[in-house]
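Fold and contact review
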Amino acid sequence: MMKAVKLYEPGNLQVEDIGIPTISPDEVLIEVKAVGVCGSDIPRALVKGAYYKGLTLGHEFAGQIVECGSDATEWAVGDRVTIAPLVPCKKCQYCEQGKYGLCESYNYYGSRTDGAMANYIKVGKENILKIDDTISYDAGAMIDPAANAIHGLWRGDLKKGDVAVVIGLGAIGLFAIQFAREMGAKEVIAVDIFDEKLQVAKKLGADRVINSMTENLGEVLAGTDVSVVLDTSGSAIAQEQAVSIAGKMGRVVFLGISNQPLTLSAKTVDRLLRYEIGVHGSWNSFSDPFPGKEWTYAIECMAQGKIKTQEIISHRFSLEETPQAFEKIKNKELLFNKIMIYPGD
Ligand SMILES: [Zn+2]
Ligand SMILES: [Zn+2]
């Protein structure tokens, strides 16, 4: 038997004793060592509810293989791994082009099938990525948000010598700051409305930090030729600010999930045209070969110690404490960044 965090109605999370999953020949069984709470888990757990009642949450995790199916011979018991949570159909036109994030008929660990807020999870052999000993399980559980940050920067065509602005300093934003630097940005500017988050960004190498609540972003950046603006907040105010600060031929990337209408001022629309600004959506983290270069690049940079991860974790909970952690999020009692859950003891 094992414990798992199951989601029933929105806000109703239960820690239950269930059987350890039985693997099929092309699957492996992973003992989960660390699993992060994703920004997308929060509306799923508190507002929208699960794809089916009794779903085990959790898709950002790392662990150790404890059993391999007979057709999963490329993996071995004891391997330290993380997984890419998307299971693309590999048949639709987007999968054929290697654009797996656009798949028309996909499965997804922790949202459409049982995830990793449990002692064990069974995963298809094609979703697994090896992490070496230099990558902690905490860091391994954050390769997913790191890969999302990379995908967003690549959607914005970030090049050497660019000035990058990252709005919203959750885990993806804090990774974006570091990867923008790694990709050769000459200046990286971090923007948020909380000073606590700006301080973390500074520690992680942001050249400048701006509190967009107390400072006027447009005025502060008036003399700066901004090449790429990545919004990870999803706030309509931030999205309009993002377009309003982009420089000539600037690329604005909307990555933060939003379900809000967006209004641009007349001045911002004028700028969008005159400056030939491109506005791009960014969705998830996948490319060819699956799961994508975003994942291998993130792992490579982490293994070389180029990317800091511990500073991004704000809270740590045991599996049993998970329902209370979501309760605290719901009641806005936590100013959090990455929340990490540890199913083991
Ligand atoms: Zn996620
Ligand atoms: Zn597909």
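The model shown is predicted, which means the values in this text are computed figures rather than measured ones.

**Focus on the pattern of salt bridges**
Enumeration over the complete set of coordinates arrives at 16 salt bridges. As a salt-bridge pair, Lys33 and Glu31 come within 3.9 Å of each other at their nearest N and O atoms. Of the residues examined, Lys33 reaches a relative accessible area of 26% and is grouped as partly exposed. Here Asp138 makes a salt bridge to Arg316, at a shortest N to O gap of 3.1 Å. With a gap of 178 residues between them, Asp138 in helix H3 (residues 137-140) and Arg316 in strand E17 (residues 313-318) connect regions that are remote in the sequence. Residue classification places Arg316 among the partly exposed positions, given a relative accessible area of 43%.

**Side note on the domain arrangement of the chain**
The domain boundaries assigned to the chain delineate domain 1 (2-142 + 309-342) and domain 2 (149-281). Listed as interface residues are eight residues of domain 1 and, on the opposing side, eleven residues of domain 2. Both faces considered, domain 1 and domain 2 share a buried interface measuring about 830 Å² in area, 74% of it formed by carbon and sulfur atoms. If you sort the residues of domain 1 by the area they bury against domain 2, Ile312, Leu335 and Asn337 come out on top, with a joint share of 57%. At the junction of domain 1 and domain 2, the tally comes to zero salt bridges. On inspection of domain 1 and its partner domain 2, the count reaches three residue pairs in polar contact (both at pLDDT 80 or more). Residues that form the side of domain 1 that touches domain 2 fall into these classes: four nonpolar, two polar and two charged.

**Re the pairing of E17**
Inspection of the sheet shows E17 paired to strand E18 (residues 338-342) by five bridges, in the parallel sense. When the sheet's bridge partners are listed, Arg316 is paired in E18 with Met340.

**Remarks on the UniProt feature "domain: Enoyl reductase (ER)" (unreviewed entry) in the chain**
UniProt annotation of "domain: Enoyl reductase (ER)" (unreviewed entry) refers to residues 11-341 when read in the numbering used here. A distance of 18 Å separates the end C-alpha atoms of residues 11-341, which is 28% helix and 24% strand.

**Side note on the coordination of the zinc ion (ligand 2)**
In this structure, Cys89 (SG), Cys92 (SG), Cys95 (SG) and Cys103 (SG) serve as the protein donors to the zinc ion (ligand 2), at separations of 2.3 to 2.4 Å. As a motif over one chain, the donors of the zinc ion (ligand 2) read C-x2-C-x2-C-x7-C. According to the relative accessible area criterion, Cys89 is partly exposed, its value standing at 22%. What makes Cys95 buried here is its relative accessible area of 5%.

**Some details on the layout of surface pockets**
Each pocket or cavity is described by its volume, and for the second largest pocket that value is around 390 Å³. For the second largest pocket, the lining is made up of 26 residues, of which Glu27, Tyr109, Thr113, Lys122 and Gly124 are closest to its centre. Taken together, the elements giving at least two residues each to the lining of the second largest pocket come down to strand E1 (2-7) and strand E9 (120-124). In terms of residue count, the dominant contributor to the lining of the second largest pocket is E9 (four residues). Residue composition of the lining of the second largest pocket, grouped by class: eleven nonpolar, seven polar and eight charged.

**Overview of helix H5 (residues 171-182)**
With twelve residues, H5 ought to run about 16 Å at 1.5 Å a step, and its terminal C-alpha atoms sit 17 Å apart, in line with that. Here H5 lies mainly inside the structure; nine of its twelve residues are buried. Residues Ala171, Gly173, Leu174, Phe175, Ala176, Ile177, Gln178, Phe179 and Ala180 constitute the buried set of H5. With its phi angle positive at about 105°, Gly184 sits one or two positions after the end of H5.

**As for the coordination of the zinc ion (ligand 1)**
Around the zinc ion (ligand 1), the donor atoms from the protein are Cys38 (SG), His59 (NE2) and Glu60 (OE), and they sit 2.1 to 2.8 Å away. When the donor residues of the zinc ion (ligand 1) are listed from N- to C-terminus, their spacing reads C-x20-H-E. Classification of His59 by relative accessible area gives buried; the value is 3%. For Glu60, a relative accessible area of 3% translates into the label buried.

Analysis parameters
All residue numbers refer to positions counted from 1 along the written sequence of the respective chain. Just so you know, chain letters begin at A and ligand numbers begin at 1, following the order they were written in. At least 70 in pLDDT is required for a residue's local features to be given in this predicted model, at least 80 for side-chain atom pairs to be given and counted, and no such filter applies to totals for whole chains, interfaces and linings, which use all residues. The side-chain values count all of the structure's non-hydrogen atoms but skip hydrogen atoms and water molecules. One side-chain nitrogen of Lys or Arg within 4 Å of one carboxyl oxygen of Asp or Glu is enough to make a salt bridge. Residue exposure (1.4 Å probe, protein chains only): buried if accessible area is under 20% of the type maximum, exposed if over 50%, otherwise partly exposed. Each helix is a run of H or I in the DSSP string that is no shorter than four residues. Each strand is a run of E no shorter than two, and both are numbered from the N terminus. Start and end positions for the domains come from either an automated domain assignment or a database one. It only takes one pair of heavy atoms within 4.5 Å for two residues to be counted as in contact. Buried area: the sum, over both parts, of the accessible surface (1.4 Å probe) that disappears when the two are put together. Throughout this description, a polar contact denotes any pair of N or O atoms lying within 3.5 Å of each other; where both atoms belong to protein, one of them has to be capable of donating a hydrogen while the other can accept it, and for residues adjacent in sequence the pair is counted only when both atoms sit in side chains. Classification used: nonpolar for Ala, Val, Leu, Ile, Met, Phe, Trp, Tyr, Cys and Pro, charged for Asp, Glu, Lys and Arg, polar for all others including Gly. Any two strands are treated as partners once DSSP identifies two or more bridges connecting them. UniProt positions are given in the numbering used here, feature names are shortened, and annotations may be inferred rather than shown by experiment. For Na, K and Ca the donor cutoff is 3.2 Å, while for all other metals N, O and S atoms count as donors only within 2.8 Å; water does not appear among the atoms, so some sites may look incomplete. In this analysis a 1.4 Å probe is tested at points of a 1 Å grid over the protein atoms alone, and where it fits but cannot get out there is a cavity; an open set with protein on both sides within 12 Å along at least five of seven lines is a pocket; lining residues have an atom within 4 Å of a point. Grid points are joined across faces, edges and corners, and a volume is the space filled by probe spheres set on the points. What a helix should span is 1.5 Å times the count of its residues minus one.

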